[in-house]
Amino acid sequence: MNLEIILHSGIATGSVLLFAAIGEIFAERSGILNLGVEGMMLLGAMAGFGTSLATDSAWVGLGVAILAGGLLSLAHGLVTIHFQADQVVSGLSLTFLGTGLALVLGEGLTGQTPPLLLDYNIPLLESIPFLGPALFKDHGLLVYAGYLFVPLSWFYINKTRPGLHLRAVGEKPAAADSVGVNVYGLRYLYVFVGGCLAGLAGAMISLSVAPGWYSSQTTSGQGWIAIALVIFAQWNPFRAALGGYLFGMLRRLILDLQGPKLLFGLVNPLYINSNYSFFLKMTPYVLTIIALIFGSRAIAKKRAGSPSALGIPYIRGERGQ
Amino acid sequence: MAIRLKIEQRVEVPKWLPPATSVGSVVAAFILGGLVFKFVGGKPLQALSFFYQAVFGSWGVFSDTLVKATPLIIIGVACAIAFKMRLWNIGAEGQFYAGAFGASMVVLIPIIPLDSPKFVVIGLMMIMGMIFGGIWGFIPGYLKAKYKVNEIITTLMLNYIIINWNNFWIFDQWSDRGFQMTATFNRVAWLPRLADYAKEIKAFSGVTLHLGVIFGIVAAIVVWWIFRYSRWGYEIKLIGDNPNAAKYAGINISKNIILAMTFSGALAGLAGMSEISGVVHRLQESISPGYGFTGIIVAWLAKLNPFAIIPVSVLFAGLIVAGREIQPAGLSFLLQGIILFMLISSDVLLRYKIRFVQVDEEKV
Amino acid sequence: MKGVTKKDLAQRMVGREVVFTVERSSHELGEVVVELENVSAINNRGLPALKDVSLSVRSGEILGLAGVGGNGQSELAEVITGLRQCTGYIAIQGEEISNFPPIKAIKQGVSHIPEDRTAVGTAPRLSLTDNTIMKGYRDKPIGDGWRINFQVAEDHTSVLKDQFNILAPSIHTPAGKLSGGNLQKLILAREINSEPKFLVAMQPTRGLDVGAIEDIRALLLEQRKNGAAILLISEELDEVLSLSDRIAVISEGKIMGIVDSENVDIDQIGMMMAGMEQERE
């Protein structure tokens, strides 16, 4: 067990989560709940991996993955925005759809070795003691992009004019509509953005962070954890990233706790019976529930939190709106 | 004269429309799924014939289908109770596993001596299955009622948690000579099945249909009665339609959330008990090909009507049985996804209708 | 137009004579039914909405609450009906109902015509029948222990539908399809069906057409004649003036004054609505 490795691994895994989570933040801020993230991530993972294999280029694979996630989310958008179907059920159906498509189309990809997204180091910064190698060495470009993406998305949502429109559409769509903001159009846009980012996150897994295609094990529920992160983060990109990195470190820690040695060469008491590892495997999910409890309580206390129009279809001219 | 499309809100929904959308969704899913399947090199028409065999073929295969339908019926009904209240219990899979664990406890600890009468053992297994499934439903219900925690995520997380919990016991404490499964249950813990009566009725030899299917039918009748005639069913319906109105009407929403989730979990737990006692006869890592998730789709396709859940479960069971022969395995998942998606898309037809209107050119 | 009065216009619109000024027959006032003492509450944004409100209503009396919207009226209706916490004391015939869940007020004979008839008062996708029994489903003859007798419920709904002239294709129509006026009649029918001791009527005629307004006001008066105590909360000053026996004015969560409607002085009311405290009766 090595603290530097835990941090490094945490950053890598966390980057995946933060992209998916911030994508969902965009969608939810516009008022659309997208529960299909897990399906979109898996589809993105498969699409990226498979396309890279077919075209011999990881970047093309990434592009296709982003598009795949986006297209799937547009289906969700159509059904929820125009058909005003229930957003929860639609999102769930997309999880099934995305997962099913990924499993069917991805048949035969296991064990293949397409070109992957390579790791790079950032000169100078990588020399910072302790933090340097963990944050700036041996990471895919997307991880570094994540460092910039977090503050940029926060800035966009909170300090720019289009960000204001985004928030308006999610809080008081009727008011936004009355001043000429295109509610339907913006919702489609941000649902699409969310889907693209979920697809990106998926491809990040299969092409960069944990390369390979392992059927549904490729994402093993990370899409759901990203959705939980959004609540925990109270729709704030910084908190989502922080939560993501912490979660990533936790996953690595759990993996290490299954090994023979602990910190400083101490023998790992948990290693005695390898079956105790099942309890360790539970931990991320238990912690997600705990994080959700704290997040929900904080939301209830602050009385602020979820976008007011989240989950409610906007129908122009509806009585009482 | 020109003809224009006019979309207007419906005032009343014709009675034939909701079932038609369900049937239409399935047909559309078969077509689309078949196309995808063909794209990856499968033989859709052959797969379709497997499916036909599974449902309408020989009695032996049909019995297999009914056996697979049993947990689907029980879980479908479990989900219907929760969904009617707009409580999204995605944890039926986990509650199934929890119930299987509870029932296994009776046999593997054992809780009562194994020479007790069969109906006592089976009865206790049923109760333990429902208790453990109920607990696994209670937890997300309580969290939602008390802290407003999103039940979709909690139930999903609990799915992963219980599988690991079960695995610990299967791999470790209850492992059969180090294999990744428990020893086969003592026959007293086996649910009676038609094959047991092969001596009396020759036709029953090899027929694996077990008592669990009766659990399913009884559960469907009970939940149907709850929805149709009971006070609780009315309250569930009201909360599901408008929680604010329910609160205004004096209904205790927290209590009902907990009650509905626990009840739903208990039923799913019963399905778990039925599966290990009637089919698998041991506790092992994999006891469900995703019954908990398919059950969700079954409930939606049946529009939460407990009686409709029975034939829909048979349909999906046929898909599972046929799916055994079909590669790739993800196809049934894909089909379920398309069916659900088509279903909710078609819901729009229940609210709006399209009319063709003749427009006089001159008037415009 | 010469010589056309408001009354004439209304009559032509509705097709019959419309009564605007209501005759208030002198009648016996009964016991005090509802009492509020020093009730304070905060609103959804955490700010004080009610400040030390005290009032009472007698059986057979309509207490009208006048005031500009947003001065605590919603919160007042909510603390009485158990939908909001408060400090202070609220009781129905001596039985405390403050800070209990809504069921307590309902069981004490409090009926409530809510401010938001669609978001709170109706289950839009459920049938007229389902909506009619919303308050009465626990009691005989509709409710019976664990069961609900839907046949009785449907018969009952049909009777109410005819009696109150609620226009809808059938009793199975989803309530959300009803027009505002018909929906309000449905809600009123439901709320007075239980012969309430105390009726909280919040904006009962908002958004309705002239005919419906007249119907609803007549129904309220009939309830008063039957001995109900009514708290009429309305932003329509005309309505408060014409229906109430006593008029209270609320401003920024405080009761500025309560006057008898016989000797009402519009200027006085206006000043109270603007926040100037007057004497109480």
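Residues numbered from 1 in each chain as written. Chains lettered and ligands numbered in written order. Predicted model: local features only at pLDDT ≥ 70, side-chain atom pairs only at ≥ 80, totals over all residues.

### Description of the overall build of chain C
Then step 1. Looking only at helices and strands, one finds nine helices and 12 strands in chain C.
Then step 2. Looking at chain C residue by residue over its 281 residues, the buried ones come to 46%.
Then step 3. Partitioning the intrachain contacts of chain C with sequence separation of at least 6 by distance along the chain shows that 62% fall at a separation of at least 24. (Helix = DSSP H or I, 4+ residues; strand = E, 2+ residues; numbered from the N terminus. Buried ≥ 20, exposed ≤ 12 C-beta atoms within 10 Å, placed from the backbone. Contact = placed C-beta atoms within 7 Å.)

### Digging into the overall build of chain B
Then step 1. Along chain B, the regular secondary structure elements total 13 helices and two strands.
Then step 2. For a compact globule of 364 residues, the expected C-alpha radius of gyration is about 21 Å, and chain B comes in at 23 Å, within 12% of that figure.
Then step 3. For chain B, the spread of C-alpha atoms along the principal axes amounts to about 90 × 55 × 40 Å.
Then step 4. The long-range share in chain B, meaning contacts at least 24 apart out of those at least 6 apart in sequence, stands at 78%. (Rg over C-alpha atoms; globule rule 2.2 N^0.38 Å.)

### With respect to the sheet that holds strand β11 (residues 246–251) of chain C
Residues and elements named next belong to chain C.
Then step 1. Judged by pairing direction, the sheet is mixed, and its six strands sit side by side in the order β6-β9-β10-β3-β11-β12 without closing on themselves. Since the sheet does not close on itself, it has two edges, and those belong to β6 (110–113) and β12 (254–260), each with one partner. On average, adjacent strands in this sheet sit at an angle of 15° to one another, irrespective of strand direction.
Then step 2. Note that strand β3 (residues 62–66) and β11 share four bridges and pair parallel. Paired with L63 across the strands is R246, a residue of β11.
Then step 3. Of the strands in this sheet, β3, β6, β9 (198–202), β10 (229–233) and β11 touch helix α2 (residues 73–80), which is tilted by about 150° from β9. (Pairing = 2+ DSSP bridges. Axes fitted to C-alpha atoms, helices over the stretch in contact; angles between N-to-C directions.)

### A few points about the sheet that holds strand β5 (residues 95–96) of chain C
All names here are of chain C.
Then step 1. The four strands lie next to each other as β2-β1-β4-β5, forming an open sheet whose pairing is antiparallel. Two strands lie at the open edges of the sheet, namely β2 (48–58) and β5, each paired on one side alone.
Then step 2. Against the sheet, α2 contacts β1 (32–42), β2 and β4 (87–92), and its axis sits at roughly 60° relative to β2.

### Comments concerning the interface of chain A and chain B
Then step 1. Each side of the interface is counted separately: chain A has 38 residues, and chain B has 36 residues.
Then step 2. The set of elements that each furnish at least two residues to the side of chain A that touches chain B consists of α4 (87–105), α10 (222–232) and α12 (277–302) of chain A.
Then step 3. In terms of residue class, the side of chain A that touches chain B is made up of 26 nonpolar, eight polar and four charged. (Nonpolar A, V, L, I, M, F, W, Y, C, P; charged D, E, K, R; others polar.)

### Some remarks on the environment of T110 of chain A
Residues and elements named next belong to chain A.
Then step 1. The residue T110 is located in the loop between α4 and β1 (119–120) in this model.
Then step 2. Taking the number of C-beta atoms within 10 Å as the measure of exposure, T110 has 13 and is therefore partly exposed.
Then step 3. Once you skip the residues sitting within four places of it in the chain, T110 turns out to touch W213, Y214 and S215.

### Some remarks on unusual backbone geometry
Then step 1. For the peptide bond that leads from I109 of chain B to P110 of chain B, omega is -20°, which places it in the cis range.
Then step 2. Its place among the elements puts P110 of chain B in the loop between α4 (92–108) and α5 (118–147).
Then step 3. Here the phi dihedral of K148 of chain B falls at roughly 60°; this positive angle occurs in a residue that is not glycine.
Then step 4. As for its position among the elements, K148 of chain B is in the loop between α5 and α6 (151–173).
Then step 5. Backbone geometry at N165 of chain C places phi at a positive 60°, although glycine is not the residue there.

### Things to note about α2 of chain C
Since the α-helix advances by 3.6 residues per turn, residues separated by three or four positions end up pointing in the same direction.
Residues and elements named next belong to chain C.
Then step 1. Among the eight residues that make up α2, eight are buried, leaving the element largely enclosed by the rest of the structure.
Then step 2. For α2, the complete set of buried residues consists of Q73, S74, E75, L76, A77, E78, V79 and I80.
Then step 3. Just past α2, the residue G82 takes up positive phi, approximately 85°.

### With respect to the nonpolar core
Then step 1. Residues A20 and A21 of chain A together with I309 of chain B are the most contacted members of the largest nonpolar core, which totals 295 residues.
Then step 2. Once you skip the residues sitting within four places of it in the chain, A20 of chain A turns out to touch V37, M41, L197, A198, A201, G223 and A226 of chain A. (Core = buried A, V, L, I, M, F, W, Y, C linked by C-beta atoms within 7 Å.)

### With respect to the environment of L238 of chain B
Then step 1. Among the secondary structure elements, L238 of chain B is positioned in helix α8 (residues 231–241).
Then step 2. The spatial distance from the C-alpha of L238 of chain B to the C-alpha of F263 of chain B is 18 Å, given a sequence separation of 25 residues.

### Some points on the pairing of β4 of chain C
Residues and elements named next belong to chain C.
Then step 1. Across five bridges, the pairing between β1 and β4 is antiparallel. Note on β4: the bridge partner recorded for E35 is A91.
Then step 2. As paired elements, β4 and β5 share two bridges and run antiparallel to each other. Of the residues in β5, the one forming a bridge with I92 is E95.
Then step 3. Taking the residues that link successive antiparallel strands as the turn, the β4-β5 hairpin has two residues, and the phi of Q93 there is positive, at about 45°.

### Section: the confidence of the model for chain C
Then step 1. Per-residue pLDDT for chain C has a mean of 86; in total, 88% of the residues score no lower than 70.
Then step 2. The complex model carries a pTM of 0.87, and its ipTM stands at 0.86. (pLDDT = per-residue confidence, 0-100.)

### A few points about the packing of α4 of chain B against α5 of chain B
Residues and elements named next belong to chain B.
Then step 1. The contact between α4 and α5 brings their axes to 7 Å, and the two run at 145°. In terms of crossing hand, the pair formed by α4 and α5 is right-handed. Across the interface between the two elements, G94, Q95, A98, G99, F101, G102, A103, M105 and V106 from α4 touch V121, L124, M125, M128, G129, M130, I131, F132, G133, I135, W136 and G137 from α5.
Then step 2. Taken together, the residues that form the contact of α4 with α5 break down as 14 nonpolar, seven polar and no charged. (Left-handed = near helix turned anticlockwise from the far one by under 90°.)

### Regarding the pairing of β6 of chain C
Residue and element names in this part refer to chain C.
Then step 1. A two-sided burial pattern is seen for β6, the buried positions comprising V110 and H112 on one face and S111 and I113 on the other.
Then step 2. Summarising the sheet, β6 and β9 pair through four bridges and their orientation is parallel. Residue pairing for β9: V110 is matched across the bridge by F198.

### With respect to the packing of helix α1 (residues 3–29) of chain A against helix α6 (residues 141–159) of chain A
Residue and element names in this part refer to chain A.
Then step 1. Where α1 meets α6, the axes come as close as 10 Å, and the angle between the chain directions of the two elements is 25°. Between α1 and α6, the interaxial angle falls into the category roughly parallel. Note that α1 runs across α6; the crossing there is left-handed. Where α1 abuts α6, its residues I11, A12, S15, L18, F19, I22 and R29 lie against L142, V143, G146, F149, V150, S153 and I157. (Parallel < 35°, antiparallel > 145°, perpendicular 65-115°, else oblique.)

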